[in-house]
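Observations on the three-dimensional arrangement
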Amino acid sequence: MAYSAPFGGYAQSEDDIYEGFGSSEPFRGGELGGGGGMPLPMPSMAPMAGQPMGPLRVPQSRGGPPPGTSRLGGPLGTAAGGGGGEDARPMTAVRAAGYTAAGKRPGSAAVFDPAGLAGAARGPAPSLQKRADNSPEDMCREMEKEVNVLIEESAQLNLERRFGESLEKAKEAGKRERKLCAKREETGLADQINIDLTYSVFFNLANQYHANGLYVEALKTYSEIVKNKQYHQSGRLRVNMGNIYFEQKKFPNAIKLYRMALDQIPNTGKDIRAKIIRNIGVAFVRLGQFQDAIASFEQIMDASADVQTGFNLLLCYYALGEAEKMRKIFNKLLAIRAHGLDVDDEDELAVGVDDVLRDDGLKEALRRKHRQITKHLAVAAKLLAPAIEQDVSAGYDWAITQLRSANYASLANELEIAKSLHFMRTRQFERAVSTLKSYENKDPQLVARAATNLSFIYFHEADYNAATKYADMAMRHNRYNAKALVNKGNVLFMREEYESARNMYQESMGADADCIEAIYNLGLASRRLGLHGEALALFEKLHGILPKSIEVVWQIASVHEQNSSPRDAIKWYNILTTHVPNDPGVLSRLGNIFLREEDEAQALHYHLEAYRFYPVNMDVIAWLGKHSVQNEMYEKATHYFERAAQIEPREVKWKLMVASCHRRSGEYQLAFDAYAQIHKDYPDNVECLRYLVHISEDLGKKDQVAEYVIKLRKAEKAHEQAALGASAATAAQGMSGHNENAQRNGAVGYPQYQPPAEPVAQPRMHPGPGEEGYVESDYHLAQIQAASAGANGPQGKKVAAEMKGKPNGDEWDETGDDLLPM
């Protein structure tokens with residue numbers, strides 16, 4: 001038997017105590033009373049690797065046989081007789097570990113140095129060398145890691161809803177994976193191609209296509225996965241393909257793929273099968289095939305009922321008017337509880353009680369499940385209550401009773417409020433008020449909500465005292481009730497107590513920072529107080545919350561217009577037109593702003609658009625008519641003024657404008673007929689008579705000139721007398737008021753003279769003296785003389801000759817504020 005680690009050749013001293021152990025003769029034990037006759041095994045004489053084998057020396061005995069092992073009495077080979085002389089030797093079994101005889105001599109340092117490095121300089125161990133990864137397997141392994149990293153990054157970006165970046169990562173992962181497969185085929189490692197990695201790349205790419213709305217590419221990618229027979233579970237991906245068709249509203253294709261996926265799911269996968277069947281039922285609902293949808297939902301409810309499916313089934317019964325089945329499925333919904341959640345836990349989660357496990361993930365999941373159940377039950381109760389009975393109130397009472405018996409007290413209170421809101425929506429205000437008043441002796445929270453709704457009803461009925469009363473009642477139960485504070489602020493706003501209303505709205509915002517009613521009303525109150533900057537900031541904040549609210553955008557544009565910021569106003573009005581492109585009020589506002597900016601082309605465009613969508617706006621019609629007259633487009637002006645005359649048939653000025661447009665366009669006979677009809681309807685109209693005098697002369701109707709002149713003179717006198725009478729009545733009224741004030745103040749005697757006030761500028765209804773179109777009195781007198789002397793007599797000819805130099809009252813180039821000729 002040889003040692004596995006043979007001794008090597010190393011020099012030994014002449015008095016080496018290990019002499020004699022290289023003899024080829026067997027060991028003879030027992031002569032010195034030592035061990036038995038079992039010889040020691042001889043070590044192998046093969047040299048150590050890298051070391052030459054030294055000469056084999058045969059030891060010589062010194063006066064007797066070598067000592068036996070019986071002399072080893074103590075540690076480190078001390079003699080049994082007590083002496084530890086040089087002849088004592090250590091145990092030979094430790095020689096291979098590096099121990100030598102020098103270790104036991106006095107004064108020698110015992111050093112454990114099996115590698116023979118005692119004389120070498122010691123230092124830190126060198127760093128491990130990195131193995132060179134140059135083999136094809138290592139390179140492929142690194143490429144595979146890069147692909148996995150790209151897949152994970154793409155999935156994370158999708159989770160963060162950064163769909164564009166996630167798609168780019170998915171495409172990059174696909175390129176790297178194809179390079180990896182080509183590399184392995186080139187190096188003869190085709191058997192190491194990872195099909196699971198290929199599946200992950202394609203699946204992630206299809207998901208990213210779907211998230212980015214690229215449905216054709218997503219369906220193509222899913223089809224490549226499904227057709228690959230190496231992926232045994234790929235049939236489930238047909239559910240994803242069905243979802244894509246569902247989003248495209250291709251419901252028959254979606255149903256087909258859902259059923260193909262259902263065939264791939266074994267009966268043991270009950271949850272997955274139920275979800276797929278529910279998708280089929282929802283697709284049937286979108287197609288309007290409620291009977292097929294009911295069959296799918298009932299299949300799930302019989303196997304493993306859940307709230308979502310039951311709610312969908314109730315909707316189908318509601319669509320078909322199955323009142324009795326609605327009752328049954330509602331009771332079945334009430335019996336469904338979340339897994340691991342009993343009634344006590346539901347009450348605790350409903351009120352939001354915090355405990356030491358409030359951050360526990362399981363409890364948070366139970367809270368979400370509880371919120372989902374209560375939401376579906378609340379909607380289902382509000383939906384079926386008005387439909388299951390002829391009397392709506394009876395239906396609500398039945399649903400409230402069922403909720404209370406199922407320990408859903410909070411939902412029952414919610415439904416009671418919904419009952420009153422139903423009456424409010426259907427404008428049955430008396431029943432709504434009586435229902436809300438019946439809650440005064442119930443739960444305080446219910447009383448507060450009822451008082452808030454009562455305040456809202458009375459506010460819209462303009463009963464501000466009752467509205468204030470119930471708003472105060474709601475605030476007594478909860479001082480931080482934002483809705484009640486808004487109602488109280490609205491009452492103060494209608495009473496024009498804007499500062500107090502503003503304080504109420506601010507307090508409501510303090511209770512609920514996102515109360516949109518408080519923010520909007522605070523902006524209105526700030527505008528009434530002249531705080532336009534604050535109002536603008538509030539409306540812009542509200543625009544961030546409700547970006548599609550047309551009322552908010554209108555307020556922002558209006559504030560900019562009021563602040564003389566036309567460019568900003570135009571910007572916000574244009575934003576508003578994207579939401580309501582056919583609103584004539586917005587278009588008219590834009591036209592007026594461009595008119596003030598002296599952009600007549602844009603002003604005309606927006607006024608025409610406003611007229612096109614709402615052709616009865618008098619302001620727009622008047623502006624268009626005036627613009628057409630100023631640009632000598634009398635035919636268009638006639639159209640606008642005729643429309644104005646149809647809208648306001650009792651307003652004579654529109655008919656006068658129509659007749660004047662006929663006159664300027666050269667249609668004298670039409671103008672004369674129009675004036676004659678106006679005179680027939682309004683015989684005392686001075687302007688019509690003046691124009692009749694002129695148009696009669698233009699048409700050569702001399703016999704009618706005198707007639708109209710006489711009528712004109714009478715009408716002017718009557719008009720002057722009426723004006724004098726009105727002035728006298730006004731003066732008398734002022735004198736009477738002055739006397740009353742003097743008597744009230746203790747003054748005695750006649751009132752002192754008061755100078756007349758400066759006349760207030762009024763729109764002129766007809767031309768004045770010195771203006772073009774005014775007919776002077778001597779001209780009228782000349783016409784009267786002509787009529788009395790005879791139009792064809794000598795005196796008549798003389799007067800007619802004198803009349804030729806007089807101004808023509810129908811010649812006008814400009815219009816006044818009333819759109820009549822100036």
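Quantities reported herein were computed from a predicted structural model and do not represent experimental measurements. (Residues numbered from 1 in each chain as written. Predicted model: local features only at pLDDT ≥ 70, side-chain atom pairs only at ≥ 80, totals over all residues. Heavy atoms only, no water.)

**As for the overall build of the chain**
Of the regular secondary structure elements, the chain holds 33 helices and zero strands. For the chain, the share of sequence-separated contacts (at least 6 apart) that also reach a separation of at least 24 residues comes to 51%. When the accessible surface of the chain is split by element, carbon and sulfur atoms take 52% of a total near 48300 Å². (Helix = DSSP H or I, 4+ residues; strand = E, 2+ residues; numbered from the N terminus. Contact = heavy atoms within 4.5 Å. Areas by Shrake-Rupley, 256 points an atom, 1.4 Å probe, with all protein chains shown as cover.)

**A closer look at the pattern of salt bridges**
Inspection of every chain in the model, using the stated rule, returns 28 salt bridges. A salt bridge links Glu364 to Arg371; the shortest N-O distance between them is 3.7 Å. Residue Glu364 is classed as partly exposed on the basis of its relative accessible area, which comes to 30%. Judged by its relative accessible area of 46%, Arg371 falls in the partly exposed class. Three or more residues joined by partner-sharing salt bridges are found here, namely Glu146, Glu172 and Arg176. (Salt bridge = Lys/Arg side-chain N within 4 Å of Asp/Glu carboxyl O. Buried < 20%, exposed > 50% of the residue type's maximum accessible area, 1.4 Å probe, protein only.)

**Digging into the packing of helix H9 (residues 307–320) against helix H12 (residues 361–384)**
Look at H9 against H12: their axes get within 10 Å of each other, and the N-to-C directions meet at 10°. The angle between H9 and H12 places the two elements in the roughly parallel class. Between H9 and H12, the contacting residues are Val307, Gln308, Phe311, Leu314, Leu315 and Tyr318 on the first element and Gln372, Ile373, His376, Val379, Ala380, Leu383 and Leu384 on the second. Partitioned by chemical class, the residues of the contact of H9 with H12 number ten nonpolar, three polar and no charged. (Axes fitted to C-alpha atoms, helices over the stretch in contact; angles between N-to-C directions. Parallel < 35°, antiparallel > 145°, perpendicular 65-115°, else oblique. Nonpolar A, V, L, I, M, F, W, Y, C, P; charged D, E, K, R; others polar.)

**Re the confidence of the model for the chain**
Any region with low pLDDT has predicted coordinates that should not be read closely. Mean pLDDT over the chain works out to 74, with 69% of the residues at or above the 70 mark. Contacts for the low-pLDDT stretch residues 1–86, under 50 throughout, to residues beyond four places or in other chains number 91 contacts. Counting interchain partners and residues more than four positions distant, the pLDDT-below-50 stretch residues 738–822 has 102 contacts. (pLDDT = per-residue confidence, 0-100.)

**A closer look at unusual backbone geometry**
The phi dihedral of Lys249 falls on the positive side, at around 65°, and the residue is not glycine. Of the residues examined, Lys249 reaches a relative accessible area of 64% and is grouped as exposed. For Glu496, which is not glycine, the phi dihedral falls at a positive 65°. Turning to its location among the elements, Glu496 is positioned in the loop between helix H18 (482–494) and helix H19 (498–511). Relative accessible area serves as the criterion here: at 57%, Glu496 is assigned to the exposed category.

**Overview of the UniProt feature "repeat: TPR" (unreviewed entry) in the chain**
Taken from the UniProt record, the annotation "repeat: TPR" (unreviewed entry) applies to residues 235–268, 274–307 and 618–651. With 79% helix and 0% strand, the stretch residues 618–651 has end C-alpha atoms that lie 12 Å from each other. (UniProt positions renumbered as here; feature names shortened; annotations may be inferred.)

**Examining the side chain of Glu716**
Tracing the sequence through the fold places Glu716 in helix H31 (residues 702–744). A relative accessible area of 9% means that Glu716 is categorised as buried.

**Digging into the nonpolar core**
Judged by nonpolar contacts, the single largest core of 75 residues is most densely connected at Tyr458, Tyr573, Phe641 and Trp654. With near-sequence residues (within four places) excluded, Tyr458 lies in contact with Val433, Lys437, Asp463, Ala466, Ala467 and Tyr470. Of all hydrophobic cores here, the second largest spans 68 residues; its members include Ala218, Leu237, Phe311 and Leu333. (Core = buried A, V, L, I, M, F, W, Y, C linked by side-chain atoms within 4.5 Å.)

**A few points about the packing of H9 against helix H10 (residues 323–335)**
At a minimum axis separation of 9 Å, H9 and H10 run at an interaxial angle of 170°. The angle between the axes of H9 and H10 places the two elements in the roughly antiparallel class. You can see that H9 and H10 cross each other, and the crossing is left-handed. Every residue of H10 that contacts H9 at Val307, Gly310, Phe311, Leu313, Leu314, Tyr317 and Tyr318 is listed here: Lys325, Met326, Ile329, Phe330 and Leu333. (Left-handed = near helix turned anticlockwise from the far one by under 90°.)

**Some words on the environment of Gln555**
Examined against the element boundaries, Gln555 turns out to sit in helix H22 (residues 550–562). The buried category is assigned to Gln555, whose relative accessible area is 10%. With 19 residues separating them along the chain, Gln555 and Leu536 place their C-alpha atoms 8.2 Å apart. Among residues more than four places away in sequence, those in contact with Gln555 are Tyr520, Leu524, Arg527 and Phe539.

**Regarding the packing of aromatic side chains**
Taken as a whole and judged by the stated rule, the model has 13 aromatic pairs. Residues Tyr611 and Tyr640 carry aromatic rings whose centres are separated by 5.3 Å and whose planes lie at 90° to one another, so their mutual orientation is edge-to-face. In this pair, Tyr611 sits in helix H25 (residues 600–613) while Tyr640 sits in helix H27 (residues 634–647), placing the two residues 29 residues apart along the sequence. Judged by relative accessible area, which is 12%, Tyr611 ranks as buried. The ring of Trp398 is capped by Arg327, whose NZ or CZ atom sits 4.9 Å from the centre of that ring. Sitting over the face of the ring of Trp654, Lys653 holds its NZ or CZ atom 4.8 Å from the ring centroid. (Phe/Tyr/Trp six-rings, centres within 6.5 Å; stacked < 30°, edge-to-face > 60°. Lys NZ or Arg CZ within 6 Å of the ring centre and 35° of its normal.)

**Digging into helix H2 (residues 163–186)**
Residue pairs three or four apart in sequence face the same way in an α-helix, which turns once every 3.6 residues. In this model H2 runs 35 Å from its N-terminal to its C-terminal C-alpha over 24 residues, within 8% of the 34 Å that 1.5 Å per residue would give. By the burial criterion, the buried members of H2 are Ser166, Leu167, Ala170, Ala173, Gly174, Glu177, Leu180, Cys181 and Arg184. Among the structural elements, helix H1 (136–159) and helix H3 (195–211) are those in contact with the buried residues of H2. After H2 finishes, the residue Gly188 shows a positive phi value of roughly 75°. (Expected span 1.5 Å × (residues − 1).)

**A few points about a positive patch on the surface**
Among the surface-exposed residues, Lys171, Lys175, Arg178 and Lys179 lie close enough to one another that they form a single positively charged patch. Locating Arg178 in the fold gives a position in helix H2. Looking at Arg178, the relative accessible area reads 53%, which means it is exposed. (Patch = residues over 30% accessible without salt bridge, like charges linked within 9 Å, V, L, I, M, F, W, Y side chains within 5 Å. Lys, Arg positive; Asp, Glu negative; His and termini not counted. Charge placed at Lys NZ, Arg CZ, Asp CG, Glu CD.)

**A closer look at the environment of Ala450**
Tracing the chain through its elements places Ala450 in helix H16 (residues 444–460). Put simply, Ala450 and Ala474 are 24 residues apart on the chain and 8.1 Å apart in space, counted from C-alpha to C-alpha.

**Structural notes on H22**
Relative to the 18 Å expected for 13 residues at 1.5 Å per residue, H22 spans 18 Å between its end C-alpha atoms, a close match to the ideal helical length. Check the buried side of H22 and you find it contacts helix H20 (516–528), helix H21 (532–545), helix H23 (566–579) and helix H24 (584–596). Immediately downstream of H22, the backbone of Ser564 shows phi near 60°, a positive value.

**A word on the environment of Phe423**
Structurally, the position occupied by Phe423 is in helix H14 (residues 409–425). Considering only alpha carbons, one finds Phe423 and Ser393, 30 residues apart in sequence, at a separation of 9.5 Å. When neighbours within four sequence positions are excluded, Phe423 is seen to be in contact with Ser393, Gln428, Phe429, Arg431, Ala432 and Thr435.

**Some words on the side chain of Thr577**
Relative to the elements of secondary structure, Thr577 occurs in helix H23. A relative accessible area of 18% places Thr577 in the buried class. Within the local environment of Thr577, its side chain forms a polar contact with the backbone oxygen of Asn574, the two atoms lying 2.5 Å apart. If we skip the residues at most four places from it in the chain, Thr577 touches Val586, Leu587 and Leu590. (Polar contact = N/O pair within 3.5 Å; in protein donor to acceptor, adjacent residues only side chain to side chain.)

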